[in-house]
Amino acid sequence: MFRMRKAGTKASNFKLAQSQMMVYLILIFVLLIAQLASPGYLALNHVAGILRLSSFLGIAAIGQTFAILIGGIDLSIANVITFANVIAAQVMSGSDSNMLAALLWVLLMGAAVGVINALGIRFLKIPPFIMTLGVGTIIRGIFLIYTNGAPKGNAAPLLRAICGQSMMGIVSGIVIIWLILSIAVVIIQKITPYGRQIYAIGINEQASRYSGIPTGRIIFSVYILSAVFAALAGYFLVGYTGTSFLDVGSDYNTTTIAAVVIGGTAITGGKGGYIGTFAGAIMMTVLNDFLTIVNIPTAGRQIAQGFIILALVLVYSRGKKHNQ
Amino acid sequence: MIKKNDNKMHFWQRNSHTVLIFAFLAVLMIIVSLFSDSFFTERNLKNLVLSAFPLLMVALGQTLVLLTGGIDLSLGAIVSLTNVSCVTLMNTESSVGWIPALAAAVLIGVLCGGLNGLIISKGRLAPIIVTLATTTIFEGIALFVMSSPGGRVHSGFRQFFIRGINGYFPLIVSIVVVLLVRMISNQSAYGRHLRSLGGNETAAYSTGIKVDRVKLIAYILAAVLAALAGIYLTARMNSGDATVGKNYSMNAITSSVVGGTAMTGAIGDPLGTVAGVFIVTIINNMLNLLGASSFYQFIYQGGILIAALSLSALRRQK
């Protein structure tokens, strides 16, 4: 009996590794098609450009990966990104010396939102979907009233340089920041006890609690992490766009969830991780970028993207059959 | 005899949320009427039904889907898609020019819901992911059909939908649809299957319920209700707009959940959803009436959602 169970885990571990590797295989495949259809797609500076675009989604998707891994979801990300964007631009108001202050304010806001999300989910037992949706809606109201529809301020030159085309010869500074964050996140998820506890909660929260895992504290930390990374993405987006605008975050709920799921993380939690999301974020960016390059209008781009996401999840995130 | 007693004892337990939410709605209406003399006039109540109609349709559909333990994020996109298709296919010259447009809208609803339901059941994929992807697809098709808002609507059709039967037509349709949906979910065999699916899908499968078919029908019903909302918006706006439905998916989830439907499935009552829809609509109306900035509506809506959920959570803990 014990033996069988062990074999079972091994098999599912293998399957899991497979589905995370699958994203990379499909990504390579998609990139090759792009190169064939539009020669020069894989040129060094274009790839660097794609990585730069992916980094904002990639950073925002770190939090979503954590939230989905514990069996939750974070729908406040979109509005946290916009709020962070508004705060960052206003505090910075175009001066390098205010960059650190802006970063601190933005992170503080993110942490506060995370605490509120976690309080509702943990103590009021509100489903994460609803709690984060409600908090997101309230944040939207707050930044609309705060800016009265017209955000002020602009990016500091240094932040613009970090998020600009290239900082160190080839690749943009934001890509390097994203890589460092990604490595740290993967290490946390795969090696530390904290990471293992997150997976355990995602698989079975009650069992985890009974086996002595401090589930409450971990759920708290995860929602704080999620909002903080969203806030960070909003902060860096100011450097990308130069000024703040009120729709900057709108698509990020959908795109972060898509990046996480395309990356092979189970929407029900407990399986997957940021290694896959990393490729998922690049995949989302490439799909959009490539369809734009081959001159498909917005409508066609949306339709194609939807079908591609469906096809990808059909390949590797199907549930069990009932009679199994 | 014992059974009858049992039923009586459980009435409060079974319907407590619905009763409470209607009490909350009544209190809300009284408070609003204190601020505005014109609230309890026939004209304003008619207007209330008119403005609540599309959300009511979508929310009833969402309730059915939530009962299966699923979720449909694409309903708003279906509202947009049916709205633009309806306008595009309408022949404003002929007196029966609205018939093919209406038929097409309903058919599009069936197809969209069918696509959702098939991929979710046969593909064994999570509803949230599938409907997230189909939202993008339906929105794309809507943009393809009509890239910028506009178009003309058959005037006879518009007149009848908004002002037909002394202006009571939307109200009559609402009542009929609410009763139908409630019969389906609370009194029919299909409704029992719907709920047992939401309770425990594997168990439902083991007891011989055709899980895939029950799911498919739920998503089709929800999409057809969304199509009704799209048709109605065609008449009310007198034009088409590929983004008109954008907020309906989330607002429908809000209304259903405020009305007592559980996100985890099995528990819920379409009547509660009706109260949820009117609470959301009245709050937005009230803000307009008081001349508050529309920005505040986000704060109230988010607040109400969290408050309603906290209350039901606290009651559960007792």
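## What to know about the overall build of chain A
Right, on to step 1. Scanning chain A for helices and strands turns up 13 helices and 0 strands.
Right, on to step 2. Counting helices and strands in the order they occur from the N terminus, chain A gives α-α-α-α-α-α-α-α-α-α-α-α-α.
Right, on to step 3. Its C-alpha radius of gyration of 20 Å places chain A within 12% of the 20 Å reference for a compact globule of 324 residues.
Right, on to step 4. The C-alpha extent of chain A, read off along each of the three principal axes, is 65 × 50 × 35 Å.

## Quick look at the overall build of chain B
Right, on to step 1. Scanning chain B for helices and strands turns up 13 helices and 0 strands.
Right, on to step 2. Listing every helix and strand of chain B by position from the N terminus yields α-α-α-α-α-α-α-α-α-α-α-α-α.
Right, on to step 3. The globule rule puts the C-alpha radius of gyration for 318 residues at 20 Å, and the 20 Å found for chain B is close to it.
Right, on to step 4. Overall size of chain B, expressed as C-alpha extent along the three principal axes, is 65 × 55 × 40 Å.
Right, on to step 5. For chain B, buried positions account for 49% of its 318 residues.
Right, on to step 6. Across chain B, contacts joining residues at least 24 apart in sequence account for 78% of those joining residues at least 6 apart.

## Structural notes on the interface of chain B and chain A
Right, on to step 1. Counting residues at the interface gives 37 residues for chain B and 40 residues for chain A.
Right, on to step 2. Listed by contribution, the elements that provide at least two residues to the side of chain B that touches chain A are helix H5 (127-145), helix H9 (201-206), helix H11 (248-258) and helix H13 (296-317) of chain B.
Right, on to step 3. Residues of the side of chain B that touches chain A, tallied by class, amount to 25 nonpolar, 10 polar and 2 charged.

## Quick look at helix H5 (residues 128-147) of chain A
Residues and elements named next belong to chain A.
Right, on to step 1. The terminal C-alpha atoms of H5, which comprises 20 residues, lie 28 Å apart, in line with the 28 Å expected from a rise of 1.5 Å per residue.
Right, on to step 2. Taken across its 20 residues, H5 has 16 buried, putting it largely inside the fold.
Right, on to step 3. Directly beyond the C-terminal end of H5, a positive phi value near 55° is found at Asn148.

## Some thoughts on the packing of helix H7 (residues 169-186) of chain B against helix H8 (residues 189-199) of chain B
Residues and elements named next belong to chain B.
Right, on to step 1. Running from amino to carboxyl end, H7 crosses H8 at an angle of 65°, the nearest separation of the two axes being 5 Å. The residues of H8 that touch H7, namely those facing Ile184, Ser185 and Asn186, are Tyr190, Gly191 and Leu194.
Right, on to step 2. Split by residue class, the contact of H7 with H8 holds 3 nonpolar, 3 polar and no charged.

## Here's the deal with unusual backbone geometry
Right, on to step 1. For Asn148 of chain A, which is not a glycine, the phi torsion comes out positive at approximately 55°.
Right, on to step 2. Within the fold, Asn148 of chain A resides in the loop between H5 and helix H6 (157-162).
Right, on to step 3. By the C-beta count within 10 Å, which is 10 here, Asn148 of chain A ends up exposed.
Right, on to step 4. Here the phi dihedral of Ala266 of chain B falls at roughly 75°; this positive angle occurs in a residue that is not glycine.
Right, on to step 5. Counting through the fold element by element, Ala266 of chain B comes out in the loop between H11 and helix H12 (270-289).
Right, on to step 6. Judged by local crowding, Ala266 of chain B falls into the partly exposed class, with 17 C-beta atoms found within 10 Å.

## A few points about the confidence of the model for chain B
Residues and elements named next belong to chain B.
Right, on to step 1. On average, residues of chain B carry a pLDDT of 87, and 94% of them reach 70 or more.
Right, on to step 2. Across chain B, the secondary-structure element scoring lowest on mean pLDDT is helix H1 (residues 2-35), at 74, and the one scoring highest is helix H3 (residues 75-88), at 95.
Right, on to step 3. Segment residues 1-5 is flagged for pLDDT under 50; beyond a separation of four residues in sequence, or across chains, it makes 0 contacts in the model.

## Observations regarding the environment of Met237 of chain B
Residue and element names in this part refer to chain B.
Right, on to step 1. Tracing the sequence through the fold places Met237 in helix H10 (residues 211-237).
Right, on to step 2. When the 16 C-beta atoms within 10 Å are taken as the criterion, Met237 is described as partly exposed.
Right, on to step 3. Distance in space between the C-alpha atoms of Met237 and Asn83 is 9.8 Å, their sequence separation being 154 residues.

## Regarding H12 of chain B
Right, on to step 1. Counted at 1.5 Å a residue, the expected span for H12 of chain B with its 20 residues is 28 Å, and the 28 Å between its end C-alpha atoms agrees.
Right, on to step 2. Burial runs high along H12 of chain B: 14 of the 20 residues are buried.

## Focus: the nonpolar core
Right, on to step 1. By size, the foremost hydrophobic cluster in this structure holds 197 residues, and its most contacted members are Ala60 and Ile81 of chain A together with Val58 and Ala226 of chain B.
Right, on to step 2. Excluding anything up to four places from it in sequence, Ile81 of chain A contacts Ala60, Ala230, Ala233, Gly234, Leu237, Val248, Gly249 and Tyr252 of chain A.

## Some remarks on the packing of helix H7 (residues 173-190) of chain A against helix H8 (residues 193-203) of chain A
All names here are of chain A.
Right, on to step 1. It is at 5 Å that the axes of H7 and H8 come closest, and there the two elements cross at 70°. It follows that H7 is roughly perpendicular to H8 by the angle criterion. Here Ile188, Gln189 and Lys190 of H7 come into contact with H8, specifically with Tyr194, Gly195 and Ile198.

## A closer look at the environment of Ile282 of chain A
Residues and elements named next belong to chain A.
Right, on to step 1. Secondary-structure assignment places Ile282 in helix H12 (residues 274-293).
Right, on to step 2. You can call Ile282 buried: it has 26 C-beta atoms within 10 Å.
Right, on to step 3. Along the sequence, Ile282 and Lys321 sit 39 residues apart, while their C-alpha atoms lie 31 Å from each other.
Right, on to step 4. Apart from residues lying up to four places away in sequence, Ile282 is in contact with Leu27, Ile50 and Ser54.

Cut-offs applied
- Starting from 1, residues in each chain are numbered consecutively following that chain's sequence as written.
- Naming scheme: in the order in which they are written, chains are lettered from A and ligands are numbered from 1.
- At least 70 in pLDDT is required for a residue's local features to be given in this predicted model, at least 80 for side-chain atom pairs to be given and counted, and no such filter applies to totals for whole chains, interfaces and linings, which use all residues.
- Going along the chain from the N terminus, every DSSP run of H or I of four or more residues is numbered as a helix, and every run of E of two or more is numbered as a strand.
- The atom set for the radius of gyration is the C-alpha atoms, and the globule formula is 2.2 Å times the number of residues raised to the power 0.38.
- Buried residues are those with 20 or more other C-beta atoms within 10 Å of their own C-beta, exposed residues have 12 or fewer, and partly exposed residues lie in between; C-beta atoms are placed from the backbone.
- Placing a C-beta atom from the backbone of each residue, one calls two residues in contact when those atoms lie within 7 Å.
- Any residue that is not Ala, Val, Leu, Ile, Met, Phe, Trp, Tyr, Cys, Pro, Asp, Glu, Lys or Arg is counted as polar, Gly included; the first ten are nonpolar and the last four charged.
- Given a helix with a known number of residues, its expected span is that number minus one, times 1.5 Å.
- Orientation is described by lines fitted to C-alpha atoms, with helices fitted over the stretch in contact, and by angles between N-to-C directions that extend from 0 to 180 degrees.
- Confidence scores labelled pLDDT are given residue by residue by the predictor and lie between 0 and 100.
- Defined on buried residues, the nonpolar core groups Ala, Val, Leu, Ile, Met, Phe, Trp, Tyr and Cys residues joined through C-beta atoms within 7 Å.
- Angles are sorted into four bins: roughly parallel if under 35 degrees, roughly antiparallel if over 145, roughly perpendicular if 65 to 115, and oblique for all others.

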